[in-house]
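# Notes for the structure review
Here is what each chain is made of, one letter per residue.
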Amino acid sequence: MKVDRWCLKINFSVRRGHSLNLRSVVVEVCPLSLLGGGKYIMTKFKFSVGPWNVHEGADAFGPEVRKSIAFEKKVAKFKEVGFDAVQFHDDDAVPDMNSLTDAQIRTKAKAVRKILDKNGMAAEFVAPRLWMDPRTADGGFTSNSKEDREFAMWRSYRSIDIANELGCDKIVLWLAREGTLCAESKSAVEGIKRLIESIDKMLEYDKKIKILIEPKPNEPIDRSFCGTIGHVMGMSAATVDPSRVGGLLESAHAILAGLDPANEISFGLAFGKLWGVHLNDQNGMKYDQDKAFGVENLRQAFNQIRVLVENNYGSKGEYIGLDVKAMRTQKDDVSYRHLENSLKIAKMLEEKAGRFDYAYQRECIEKRDYEALEMYVMELLMKG
Ligand code: GLO
Ligand code: MG
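Rules and cut-offs
- Residues numbered from 1 in each chain as written.
- Chains lettered and ligands numbered in written order.
- Predicted model: local features only at pLDDT ≥ 70, side-chain atom pairs only at ≥ 80, totals over all residues.
- Helix = DSSP H or I, 4+ residues; strand = E, 2+ residues; numbered from the N terminus.
- Rg over C-alpha atoms; globule rule 2.2 N^0.38 Å.
- Buried ≥ 20, exposed ≤ 12 C-beta atoms within 10 Å, placed from the backbone.
- Contact = placed C-beta atoms within 7 Å.
- Expected span 1.5 Å × (residues − 1).
- Near = placed C-beta within 6 Å.
- Nonpolar A, V, L, I, M, F, W, Y, C, P; charged D, E, K, R; others polar.
- Pairing = 2+ DSSP bridges.
- Axes fitted to C-alpha atoms, helices over the stretch in contact; angles between N-to-C directions.
- Parallel < 35°, antiparallel > 145°, perpendicular 65-115°, else oblique.
- Core = buried A, V, L, I, M, F, W, Y, C linked by C-beta atoms within 7 Å.
- Left-handed = near helix turned anticlockwise from the far one by under 90°.
- pLDDT = per-residue confidence, 0-100.

## Things to note about the overall build of the chain
A tally of regular secondary structure across the chain gives twelve helices and twelve strands. Its C-alpha atoms give the chain a radius of gyration of 21 Å, near enough to 21 Å, the size a compact globule of 384 residues would have. For the C-alpha atoms alone, the extent of the chain along its principal axes is close to 65 × 55 × 40 Å. Going through the 384 residues of the chain one by one, you find that 42% of them count as buried. In the chain, of all internal contacts separated by at least 6 residues, the share reaching a separation of at least 24 is 73%.

The structure is reproduced here in structure tokens:
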């Protein structure tokens, strides 16, 4: 990359009668060509991303529109953009794993660890991809077929093996097809019990592994068995080791459930069980959009970052994951833009959260003048 000009930006503001809050100082040092990315904005968070977040652009109605990018290239680019860790599906790490032995899977995972190490990146989690294989057409853990349920467990155990090789202790369960398309086709009571039993087996298979359930109310399934972070907390409590079962909250999934993502995040935080987030955005209750973080609902996005900052999210090594997808219209050369934008917006909102005037908030609360508080938030967001 040719860089000919550099730019240093220092932004801060002080409210009348208040001293300078160091957390509110933003220093940007960057080549002008990177000004869009926000890589150099200061943050207290660590960020993560999955290889699936840079994709070929196929959707339910049309084919791929961008070229595939090799895994190793993606990892190098993630680092350059400003990410700290990679999230994996089991077969992102070990493609074609169904045709490999358990030992071969471990060997392939070791090679992936080397790629991460070479690029100074960590692995955040491994998620069994239980929605692509024909054997998961009716779900994995809750399929009506015993063989399918066994296949789901095999993939889950292998995901744990892969996580161990990659040096991470988190397994994410996005329960994509655990629910029904035909309401009468499964007993929801039995379904929930099967989910809990499956998680128990994973906890017993590896005494150190942590399970993070990523709730979603629908899509691809019609009625999910585990739609919100409240469901996740309930399931956690019913497992053999609740201290190792927590949640990963995705903004778009909360919106699809008709809930406020910041409140869902707060629910998990209140239980000390929010161990991951997938920040992104969503225009209303339609298909899952995975838009860049903050581009639709800026105030909601601000409040997500605010509660994460206020509750010291990240202090136990948790990452902010950005589960965003590029618009299908993006061309190859700008296929990381949605990630750069999401990172930049998250960090800019973190800076705004650092400037949030808690004394003024208290004053408004005492007077019960919430209109004033709301206007303060709007001005904070709308002014530079
Ligand atoms: C889809 C989910 C998906 C998961 C990922 C990790 O709606 O958000 O992207 O987060 O597969 O399990
Ligand atoms: Mg997600």
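More follows now that the structure is in view.
## Quick look at helix α9 (residues 298–310)
The terminal C-alpha atoms of α9, which comprises 13 residues, lie 18 Å apart, in line with the 18 Å expected from a rise of 1.5 Å per residue. What α9 keeps buried is the set A301, F302, N303, Q304, I305 and L308. Buried residues in α9 make contact with α7 (251–256), α8 (261–270), β11 (274–279), α10 (337–355) and α12 (370–382). Phi for N312, located one or two positions after α9, is positive at around 60 degrees.

## Let's talk about the site of ligand 1
By nearness alone, every residue bordering ligand 1 is listed as A127, V172, W174, E214, K216, E250, H278, D288 and D323. Taken together, the residues that form the shell around ligand 1 break down as three nonpolar, one polar and five charged.

## Quick notes on the pairing of strand β10 (residues 245–250)
Within β10, six of the six residues are buried, which leaves the element mostly enclosed by the surrounding structure. The side-chain alternation of β10 yields two buried faces, one formed by V245, G247 and L249 and the other by G246, L248 and E250. Note that strand β8 (residues 210–214) and β10 share three bridges and pair parallel. When the sheet's bridge partners are listed, L212 is paired in β10 with G246. Sheet analysis places β10 next to β11, joined by four bridges and oriented parallel. Bridge assignment links E250 to a residue of β11, and that residue is H278.

## Concerning helix α4 (residues 146–166)
Residues three or four positions apart in an α-helix share a direction because the helix packs 3.6 residues into each turn. Across its 21 residues, α4 extends 30 Å between first and last C-alpha, which sits within 8% of the 30 Å expected from 1.5 Å per residue. Every buried residue belonging to α4 is among D148, R149, A152, R155, S156, R158, S159, I160, I162, A163, E165 and L166, and all of these are buried. Each element contacted by the buried residues of α4 is listed here: β4 (85–89), α2 (90–93), α3 (102–118), β5 (122–127), β6 (170–174) and α5 (188–205).

## A word on the packing of helix α11 (residues 358–367) against α12
Between α11 and α12, the shortest axis-to-axis distance is 8 Å and the interhelical angle comes to 155 degrees. It follows from the interaxial angle that α11 and α12 lie roughly antiparallel. Here Y360, Q361 and C364 of α11 lie close against α12, whose contacting residues are Y370, A372, L373 and Y376. Its residues placed into classes, the contact of α11 with α12 shows six nonpolar, one polar and no charged.

## Quick word on the nonpolar core
Within the largest apolar cluster, 84 residues are counted, with the highest numbers of intra-cluster contacts made by V126, L166, I171, I211 and L322. Per-element accounting of this core gives the leading share, seven residues, to α10. Excluding residues that lie within four positions of it along the chain, V126 makes contacts with F88, D90, A93, S159, I162, A163, L166, C168 and I171.

## Here's the deal with the pairing of β8
Counting buried residues along β8, five of its five residues qualify, which places the element largely inside the surrounding structure. Both faces of β8 are covered, namely the face carrying K210, L212 and E214 and the face carrying I211 and I213. Across five bridges, the pairing between β6 and β8 is parallel. In the strand pairing of β8, V172 is matched with L212.

## Quick look at the environment of F302
Take F302: it is sitting in helix α9. F302 sits 79 residues away from L381 along the chain, and the two C-alpha atoms are 8.2 Å apart. Those residues within four positions of F302 in sequence are excluded, and the remaining contacts are L349, K352, A353 and L381.

## Quick word on the packing of α9 against α10
Where α9 meets α10, the axes come as close as 9 Å, and the angle between the chain directions of the two elements is 65 degrees. Of the two possible hands of crossing, α9 and α10 adopt the one that is right-handed. When α9 is examined against α10, the residues A301, F302, I305, R306 and V309 are found in contact with a partner set consisting of I345, A346, L349, E350, K352 and A353. Residues of the contact of α9 with α10, tallied by class, amount to eight nonpolar, no polar and three charged.

## Some remarks on unusual backbone geometry
In this chain, E219 is followed by P220 through a cis amide linkage whose omega measures 10 degrees. Examined against the element boundaries, P220 turns out to sit in the loop between β8 and β9 (223–224). One non-glycine residue, D96, lies in positive phi territory at about 55 degrees. Looking at the element boundaries, D96 is found in the loop between α2 and α3.

## Let's talk about the confidence of the model for the chain
Mean pLDDT over the chain: 93, with 90% of residues reaching 70 or higher. Counted against residues more than four places away or in other chains, residues 1–7, with its pLDDT under 50, gives nine contacts.

## Focus on the environment of Q282
Among the structural elements, Q282 can be located in the loop between β11 and α9. The class of Q282 is buried, set by 23 C-beta atoms lying within 10 Å. Counting along the chain gives 28 residues from Q282 to A254, while the straight-line C-alpha distance between them is 9.5 Å. In contact with Q282, not counting residues within four places along its chain, are S251, A252, I255, L256, Q289, K291 and E296.

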